[in-house]
Protein chains: 6
Amino acid sequence: MNLAPLPELTIRDQVERALREDLARGDVTTDATVPMDVEASCVLRARERLVLSGLPVFEAVFTTVDPTLRVERRAADGDVLEPGAIAALVHGRANPILKGERVALNFAQRMSGVATKTAALVAALPAGAKTRITDTRKTTPGLRALERYAVRCGGGHNHRDDLSSAVLIKDNHVAACGGVAAAIERARAFAPHTSRVECEVDTMAQLDEALAAGADIVMLDNFDDATLIQAMERVGGRAIVEVSGNVTLARIPIIAEAGVDCISVGGITHSARAVDLGLDWT
Amino acid sequence: MNLAPLPELTIRDQVERALREDLARGDVTTDATVPMDVEASCVLRARERLVLSGLPVFEAVFTTVDPTLRVERRAADGDVLEPGAIAALVHGRANPILKGERVALNFAQRMSGVATKTAALVAALPAGAKTRITDTRKTTPGLRALERYAVRCGGGHNHRDDLSSAVLIKDNHVAACGGVAAAIERARAFAPHTSRVECEVDTMAQLDEALAAGADIVMLDNFDDATLIQAMERVGGRAIVEVSGNVTLARIPIIAEAGVDCISVGGITHSARAVDLGLDWT
Amino acid sequence: MNLAPLPELTIRDQVERALREDLARGDVTTDATVPMDVEASCVLRARERLVLSGLPVFEAVFTTVDPTLRVERRAADGDVLEPGAIAALVHGRANPILKGERVALNFAQRMSGVATKTAALVAALPAGAKTRITDTRKTTPGLRALERYAVRCGGGHNHRDDLSSAVLIKDNHVAACGGVAAAIERARAFAPHTSRVECEVDTMAQLDEALAAGADIVMLDNFDDATLIQAMERVGGRAIVEVSGNVTLARIPIIAEAGVDCISVGGITHSARAVDLGLDWT
Amino acid sequence: MNLAPLPELTIRDQVERALREDLARGDVTTDATVPMDVEASCVLRARERLVLSGLPVFEAVFTTVDPTLRVERRAADGDVLEPGAIAALVHGRANPILKGERVALNFAQRMSGVATKTAALVAALPAGAKTRITDTRKTTPGLRALERYAVRCGGGHNHRDDLSSAVLIKDNHVAACGGVAAAIERARAFAPHTSRVECEVDTMAQLDEALAAGADIVMLDNFDDATLIQAMERVGGRAIVEVSGNVTLARIPIIAEAGVDCISVGGITHSARAVDLGLDWT
Amino acid sequence: MNLAPLPELTIRDQVERALREDLARGDVTTDATVPMDVEASCVLRARERLVLSGLPVFEAVFTTVDPTLRVERRAADGDVLEPGAIAALVHGRANPILKGERVALNFAQRMSGVATKTAALVAALPAGAKTRITDTRKTTPGLRALERYAVRCGGGHNHRDDLSSAVLIKDNHVAACGGVAAAIERARAFAPHTSRVECEVDTMAQLDEALAAGADIVMLDNFDDATLIQAMERVGGRAIVEVSGNVTLARIPIIAEAGVDCISVGGITHSARAVDLGLDWT
Amino acid sequence: MNLAPLPELTIRDQVERALREDLARGDVTTDATVPMDVEASCVLRARERLVLSGLPVFEAVFTTVDPTLRVERRAADGDVLEPGAIAALVHGRANPILKGERVALNFAQRMSGVATKTAALVAALPAGAKTRITDTRKTTPGLRALERYAVRCGGGHNHRDDLSSAVLIKDNHVAACGGVAAAIERARAFAPHTSRVECEVDTMAQLDEALAAGADIVMLDNFDDATLIQAMERVGGRAIVEVSGNVTLARIPIIAEAGVDCISVGGITHSARAVDLGLDWT
């Protein structure tokens, strides 16, 4: 499957924001010690097994600091890198490379961290499973576009982008409407015809109500394995099924084999650790 | 020790950026299902043991979505909350509360995650130790101010803010100057007199060179316990000592007892997981 | 049906941008001639039959110019106003009212123009028709959020917000994939599970192919009335049907009676004229 | 007459704002279906008679989406295009062309719409008339610079840019000063010496007062043809004369032949429809 | 004469930009030493004779840092303050007052510096002279609106705001057109009818040419006193006369008595020193 | 000593802001009179003795207005230029050169003014003195990065960048803590370990207290020559010594010979006049 690239404008906005934060007032150490005529070549190398994400952002950091720097890609976003594998080379003046290094790594380590965590869940799916691993809206404030891209690099899929792009009815929406059926009906009347209507359910009774009201997607929230299997039977193909809550690596095969369409996992964005990608100077 | 607050302007910038990402095009579900005249009160509650951080940001999210919402604080940033403890109440119209909920939680969960991870390291220090736990520049792009604040909430200290605010000489700077002494001398001539000159050293030989050249701070990079103790003797109070690299919870007492002044840990910002803080609707 | 409000942040961004354009350097005429202590009350009045839209934006212009100005609403967005009807009153210092007047009217006249044009199409639907009138992406650059809101004020519905929020396969996408079926299959594999897959078709053959490939929505592009009726039979409820192209007021009842789900009309945003809403000074 | 170009920075600001609105989160359809190695050439073609405006903006949209795209101009802004005439060619990767197509057309169709509507009024002027057709401040919020440029493309002229760049005294200013003469005197004392003082008049009595007070420009507001001719005699060359209000195509020759210097028309910006300019894929 | 106020939005933009520069990362000294419950009252006092300018900006700095701070004005912009005179009081928490103090003073000292320098030139005008002292476009980049306002506070007038708001033909424009007459004719055909056409002349011959071509304003560039008087006779009231270049305090009465309409002086903005306005803590 | 360059992003931000202020709405004079095909070469020339600063900003103005313009540098920032010396040449189309000329000069004249004023103080230091001339936070709002750079061009050094980057305890901080010692202790506990702690002292008693409390830097505020010499003896090398207040050119050798480490002077930024650098057209 091909990977939808990050828009150029999105990359530029993110890179400029990060460089304003770290470099806009100068780099007193580098300018004191590294003359402009010193050239260098550096290697971006995996120091653990990881799924790469963020190479275009990494590159844009350096070319924004100094348009004469060149980044030579040796791998592509979405590739699995073994420890020691080379992701890219950076060539040019040592002074601006040193100025951009930390910001470039901050992006690549975090984005690859999200991709790697996603890929671990994807790898736990049984062979041939149709089940998707998706993200949620539990992303880092200001970095949603980058993290959604990183999820795709890890083989995952995206859920709705923001509060406007699809309907997801939760318990408080249901309560305000006086019931699942009313909430679904109102949402369908309100939402663009291009958007499916998804409804979160906590019990089998709510599931029945959602199915009867014609929900396009039901989100089974915190169902245990046994109830989940029972729920899938009840659905019987009448709706797309999303599972959310208490998803562990161990449960993924069980959930997938129950025939669930998608498993949404907040942790792939809100709790991914940075992976160890380093810049080696040669 | 009192806690330096986040500047109002910084909070506003972050909150507006995050809301533009999630809400600027509307919330199709909430507007379909929750009339404007439904009132609600919600409770922000710890669902695990955590150190709170980000309450002013959490509050600003709601008041930016709707200035009539009120957030009643029941705890303060820096407080340790036990599971079930209440951090704050949110009162007002259910519709805008639902619109801001996810963004408000994204901030509070992440910032409290950084504070909690920091606090765990701080708690590992021996009683009465003068040693500081500090952050690094390995922060989330665009969120540095918030993460540095969260580190302080957790009892940690901040390292230099950006590349301009202090000198930190690393191996590539040394290489470009032809030696530690030259690098320190150039940096001292270059840097504001308000900034100390810090030099990273990898070996005892480099340490000797840095001390001889009058480094104000030496950063011992990836020293094992034995070498570390030997290094502290060599320093003999002539410089502030920072330790970095391979810092585990178990090593912290050892490092601290060796008399080290500060331990900088990238992981408290680059790999903190979001803690479980939830909004309960009553 | 209730009307989803414009987010406060969106209103503020639009109003500040417009005022920067017109007022940021001052108003030489008003400051020369109107002392700050002159008070005024003005009436926003319809000078033709119109559907009101943009009152919160109109209000925000004045309160941004001077927070002491008060706007008293006498009608609500979505209301039909007959000629002479009062939409709102503006009270306060004449000097800042004069400074904001043109920008406030520019917003209200245009947004009400879109709402009024939309309402004319909606009014042409047969009683009880399920058919929606929707907008397109043919909106004024930079004003999409306001125009989508205005369409809702006029009783219309929104289509997808942007290129990321839903799938709409057009002829060039089909051509690149080698066929309708392949395009639909790839899009389904790619898109969030919350998004329906819509496919534009120009011929009955393409319609058959799209239905066979399981398109959720088919867009019948430039179908004449007879072919449209034939197409609806062929669909037989298997997909949502959208009609686009050459939609005139006269054709709307015919299209609606054929059972079409939605009619998308670029002209309601790209070619609406400003309606005559004026500010009378009393 | 040569045409003042749009500043590069203005084009960039507008294009980036529009692309952030439509494309910043990606194009799920195009990325699913159109591989990056598919090349295309497209033709921007007039589908009705029109005056072209916005070609540099159209071009900047594509090169902002992807700097490798090339736009080959076959016409220039200000040219009259007959139906079928080619304005430009777009060459390069089909994927980014599809992503930018709608935004590029939204700009070109609207700007050409303003130019075309302006040109229709200009064409109604008698041969050799010195009368100008000018815009007003009734422009689309946020797009004033583009619309003023489009007016020039259509052969029109610009009125003052914003509230600071010239004096235009209206009835409320007069009322606050207690008379036309006082208002003109204060404005002259206040305004930069580079700015003329213009005064709107509704009656012959006000016209006399304005002329006596030395107004540089008088704006005859809603004067009928007979009164207009009478007013021109009264002016007798003592002031520049602008006519505004109830200007129809039919009245333009009459107004021009009366010797009026300029006719300002809000409708050329506030109520121009988008013209039919399309992108044909070959 | 009343003083046109700075637009609120302009004040806010300037204040936020300045605070982002100085305070956005916190104030480590103040937060370490000054608890939030310490209250203070400070006095903004003139320490030399000066013309006050910038009080609304001074106030906005403090209320942006902390909305609970109160600034009590004891003087108004444009007032002459003797040494020791009080301009304003600041009341509230000492901590945020200390954080905003430097930025608030930076604005007030600079703006009052421009006003004071302007006022010195204005004071040199003979009693009853109609001559204006005006600014130029030689303003500090990014601060033009504030500096133009400060000029008005000092009793000066503004020249054109930017390159679009009026015509000023200089020698290079003349050279490109092949002569003064051609340049004036083209400019008049091009510029809005609300703008006067000004032409710089270096010699009596050019002056004659400009007058013959109907220039509305002639700028006599670097004319000595004798030639100036001769030039005024030549003009004979046919044009507004501006003098520029080599303007000293001593020459101002001579120039004014020659009947010149306006004297433009770059130095009032490009070379004003900050005046001594201090914040006394009580 | 090498000169730390301005970051590219900082230059771009400043240049775009300034051009938006002056040129964003076009240049009516130049577009009326100078066709696009007229080429020109201009010379940036010193018209008085000056220290050059701002050449990269000067260049960026022209290339932002028109990327085809070329600036050929004939001198470097930090160079002393004698009257008549050439700093740079500008080649390309006359039209965009005229549009950028004023903004480019505004930057170069002001920045060189700061550099020149700084250099005059530096030149007053005795040969071989270790004393630094430094700036303060009394910079033009919004231009701090440029002015700090200009100070370096003049041979000066920078003080702390903003309120977060170093500790500087003043009298109000001391008062709130109840004494110099307490203030220093709290600041040291609070500040990053990379920052020195500086304390302003007004009397010998305060100096003793600050030294006893271990201040890293003492700022002697408004000390006369005799007391200054006495103070230096008291310090005896225990702290870095900064002198501030009432610093005249005549006093600089005396202060330096007393062994002071640095002299901070607000006037080099807050009261530098623009130097005479002009663009000659050939």
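For every chain, the first residue of the written sequence is number 1, and numbering continues from 1 along that sequence. Whichever chain is written first is A, and whichever ligand is written first is 1; the rest continue in order. Confidence filtering applies because this is a predicted model: local features only for residues at pLDDT of at least 70, side-chain atom pairs given and counted only at 80 or more, and all residues used for totals across whole chains, interfaces and linings. Heavy atoms from the whole structure form the basis of all side-chain values; hydrogens and water molecules are not counted.

Caption draft 1: Broad picture of the packing of aromatic side chains. Residue and element names in this part refer to chain B. Here is the rule: rings of Phe, Tyr and Trp (six-membered ring for Trp) pair when centre to centre is within 6.5 Å. Planes less than 30 degrees apart are stacked, more than 60 are edge-to-face, and the remainder are tilted. Enumeration according to the criterion identifies six aromatic pairs over all chains in this entry. Relative to Phe62, the ring of Phe58 has its centre 5.1 Å away and its plane inclined at 75°; by these criteria the two rings are edge-to-face. You can see Phe58 and its partner Phe62 sitting in helix α3 (residues 55-65), four residues apart, about one turn around the helix. A relative accessible area of 0% means that Phe58 is categorised as buried. Secondary structure elements follow DSSP: runs of H or I of four or more residues count as helices, runs of E of two or more count as strands, with numbering from the N terminus. Remark: exposure states derive from per-residue accessible area (1.4 Å probe, protein chains only) relative to the maximum for the residue type, with buried under 20%, exposed over 50%, and partly exposed in between.

Caption draft 2: Spotlight on the relation of the copies chain A and chain B. Least squares is used to superpose the copies, and the fit set is the C-alpha atoms of residues whose pLDDT is at least 70 in both copies. Each copy of the sequence occupies a distinct position, and chain A is placed on chain B by a rotation of 180° and an axial shift of 0.0 Å, giving an RMSD of 0.0 Å. Within this description, the copies of the chain are treated as partners about a two-fold rotation axis. Taken as a fraction of all interface residues of chain A, those also at the interface in chain B reach 98%, which identifies the copy contact as same-surface. Contacts are residue-level and defined by heavy atoms, with any inter-residue pair within 4.5 Å sufficient.

Caption draft 3: Spotlight on the sheet that holds strand β8 (residues 197-201) of chain B. All names here are of chain B. Strand pairing is defined by DSSP finding a minimum of two bridges between the two strands. As summarised here, the arrangement of the six strands in space is β6-β11-β10-β9-β8-β7, forming an open sheet in which the pairing is parallel. Each edge of the sheet is formed by a strand with only one pairing partner; in this case those strands are β6 (132-134) and β7 (167-169). The average angle at which neighbouring strand axes cross in this sheet is 25°, direction not considered. With four bridges joining them, β8 and strand β9 (residues 217-221) adopt parallel strand pairing. Its bridge partner lying in β9, Val201 is registered against Leu220. For every element, the axis is a line fit to its C-alpha atoms; helices are fit only across the contacting stretch, and the angle between N-to-C directions ranges from 0 to 180 degrees.

Caption draft 4: Geometry of the pairing of strand β10 (residues 240-244) of chain A. Residue and element names in this part refer to chain A. Within β10, four of the five residues are buried, which leaves it mostly tucked inside the rest of the structure. Where strand β9 (residues 217-221) and β10 come together, five bridges link them in parallel fashion. Across the sheet, the residue bridging to Leu220 is Val243, located in β10. One ladder, built from three bridges, connects β10 with strand β11 (residues 262-264); its direction is parallel. In the sheet register, Glu242 faces β11, and the bridge partner there is Cys262. A clockwise course of the path from the first strand over the helix to the second, judged with the strands pointing away from the viewer, identifies a crossover as right-handed. Regarding the hand of the β-α-β motif, the stretch spanning β10, helix α10 (residues 251-257) and β11 is right-handed.

Caption draft 5: Molecular detail of the side chain of Asp31 of chain D. Among the structural elements, Asp31 of chain D can be located in helix α2 (residues 28-33). In the analysis that follows, any N or O atom pair within 3.5 Å is treated as a polar contact, provided that within protein one partner can donate a hydrogen and the other can accept it, and provided that, for residues neighboring in sequence, both atoms belong to side chains. For Asp31 of chain D, the side chain forms a polar contact with the side chain of Lys99 of chain D, separated by 2.9 Å.

Caption draft 6: Examining the interface of chain A and chain B more closely. On the chain B side, the residues contacting the 58 residues of chain A number 57 residues. Both faces considered, chain A and chain B share a buried interface measuring about 5100 Å² in area, 56% of it formed by carbon and sulfur atoms. Should a side-chain nitrogen of Lys or Arg be within 4 Å of a carboxyl oxygen of Asp or Glu, the pair is scored as a salt bridge. The interface formed by chain A and chain B includes four salt bridges. Residue Arg144 of chain B is joined to Asp22 of chain A by a salt bridge in which the shortest nitrogen-to-oxygen separation is 2.5 Å. Summed over the shared surface of chain A and chain B, the result is 38 residue pairs in polar contact (both at pLDDT 80 or more). Among the elements of the structure, α1 (8-22), α2 (28-33), α4 (94-123), α5 (144-153), β7 (167-169), α6 (171-177), α7 (180-190) and α11 (267-270) of chain A are those that each provide at least two residues to the side of chain A that touches chain B. We call Asp, Glu, Lys and Arg charged. Ala, Val, Leu, Ile, Met, Phe, Trp, Tyr, Cys and Pro are nonpolar, and the rest, Gly among them, are polar. Split by residue class, the side of chain A that touches chain B holds 26 nonpolar, 15 polar and 17 charged. Note on terms: buried area is the combined drop in 1.4 Å-probe accessible area of two parts once they are placed together, counting the loss on both.

Caption draft 7: Fine view of empty space enclosed by the protein. A cavity here means a set of 1 Å grid points, computed over protein atoms only, where a 1.4 Å probe fits but cannot escape. A pocket is an open set with protein on both sides within 12 Å along at least 5 of 7 lines, and lining residues have an atom within 4 Å of a point. Grid points are joined across faces, edges and corners, and a volume is the space filled by probe spheres set on the points. One pass over the full model with this rule turns up 17 cavities of 30 Å³ or more. For the largest cavity, the calculated volume is near 330 Å³. Around the largest cavity sit 30 residues that line it, and Arg110, Thr140 and Glu147 of chain C together with Arg110 and Thr140 of chain D are the ones nearest its centre. Breaking the lining of the largest cavity down by element, the ones donating at least two residues are α4 (94-123), α5 (144-153) and α11 (267-270) of chain C together with α4 (94-123), α5 (144-153) and α11 (267-270) of chain D.

Caption draft 8: The arrangement of the pattern of salt bridges in detail. One pass over the full model with this rule turns up 126 salt bridges over all chains. We note a salt bridge from Arg20 of chain F to Glu16 of chain F, for which the minimum N-O separation is 3.7 Å. Of this pair, Arg20 of chain F and Glu16 of chain F both sit in helix α1 (residues 8-22), separated by four residues, roughly a single helical turn. Of the residues examined, Glu16 of chain F reaches a relative accessible area of 12% and is grouped as buried. What emerges from the salt-bridge pattern is a single network uniting Arg12 and Asp13 of chain A together with Glu16 and Arg20 of chain D.

Caption draft 9: Spatial organisation of the domain arrangement of chain A. Residue and element names in this part refer to chain A. Splitting chain A by domain gives domain 1 (8-122 + 272-281) and domain 2 (128-270). An automatic or database domain assignment supplies the start and end points of every domain. The gap between the C-alpha centroids of domain 1 and domain 2 is 35 Å. Facing 21 residues of domain 1, the contacting portion of domain 2 comprises 20 residues. The three residues of domain 1 that bury the most area against domain 2 are Val114, Thr118 and Leu121, which together make up 36% of that side's buried surface. For the pair domain 1 and domain 2, the interface holds zero salt bridges. The interface formed by domain 1 and domain 2 contains three residue pairs in polar contact (both at pLDDT 80 or more). Put simply, the parts of the chain that give the side of domain 1 that touches domain 2 at least two residues each are α1, α3 (55-65) and α4. For the side of domain 1 that touches domain 2, the element with the highest residue contribution is α4, accounting for ten residues. Taken together, the residues of the side of domain 1 that touches domain 2 break down into 13 nonpolar, six polar and two charged.

Caption draft 10: Region of interest: unusual backbone geometry. Here the phi dihedral of Asn222 of chain B falls at roughly 60°; this positive angle occurs in a residue that is not glycine. Checked against the element boundaries, Asn222 of chain B lands in the loop between β9 and α9 (225-235). Using a relative accessible area of 45% as the deciding quantity, one classes Asn222 of chain B as partly exposed. Look at Asn246 of chain C: it is not a glycine, yet its phi comes out positive at around 55°. Mapped onto the fold, Asn246 of chain C is located in the loop between β10 (240-244) and α10 (251-257).

Caption draft 11: Region of the structure containing the interface of chain A and chain F. Taken together, the contact between chain A and chain F spans 13 residues of the former and eleven residues of the latter. Buried surface at the junction of chain A and chain F, summed over both partners, amounts to about 950 Å²; 47% is from carbon and sulfur atoms. Run the count over chain A and chain F and you get four salt bridges. Put simply, Arg20 of chain A and Asp13 of chain F hold a salt bridge, and the shortest N to O gap is 2.8 Å.

Caption draft 12: Spotlight on the relation of the copies chain A and chain F. For the match of chain A to chain F, the screw axis carries a shift of 0.0 Å, the RMSD comes to 0.0 Å, and the turn is 120°. These values place the two chain copies in the arrangement generated by a three-fold rotation axis.

Caption draft 13: Spatial organisation of the pairing of strand β8 (residues 197-201) of chain F. Residue and element names in this part refer to chain F. Counted residue by residue, β8 has five buried out of five residues, so it is predominantly covered. With burial as the criterion, each face of β8 is covered, one bearing Val197, Cys199 and Val201 and the other bearing Glu198 and Glu200. Relative to β8, strand β7 (residues 167-169) is paired through three bridges, and the arrangement is parallel. If you follow Leu168 over to β8, its bridge partner there is Glu198. Once you follow β8 into helix α8 (residues 204-212) and on to strand β9 (residues 217-221), the crossover reads as right-handed.

Caption draft 14: Focus on the state of the cysteines. Disulfides are defined as pairs of cysteine sulfur atoms found within 2.5 Å of each other. One pass over the full model with this rule turns up zero disulfides over all chains. Note on Cys153 of chain B: no disulfide assigned, nearest cysteine sulfur contributed by Cys262 of chain B at a separation of 19 Å.

Caption draft 15: Layout of the packing of helix α7 (residues 180-190) of chain C against helix α8 (residues 204-212) of chain C. Residue and element names in this part refer to chain C. In contact at an axis separation of 8 Å, α7 and α8 are set at 35° when each is read in the N-to-C sense. Handedness of the α7/α8 crossing: right-handed. Residues Val180, Ala181 and Ile184 of α7 form the contact with α8, whose participating residues are Gln206, Glu209 and Ala210. For the contact of α7 with α8, the per-class residue count stands at four nonpolar, one polar and one charged. Put simply, a crossing is left-handed when the front helix is turned counterclockwise from the back one by less than a right angle, and right-handed when it is turned clockwise.

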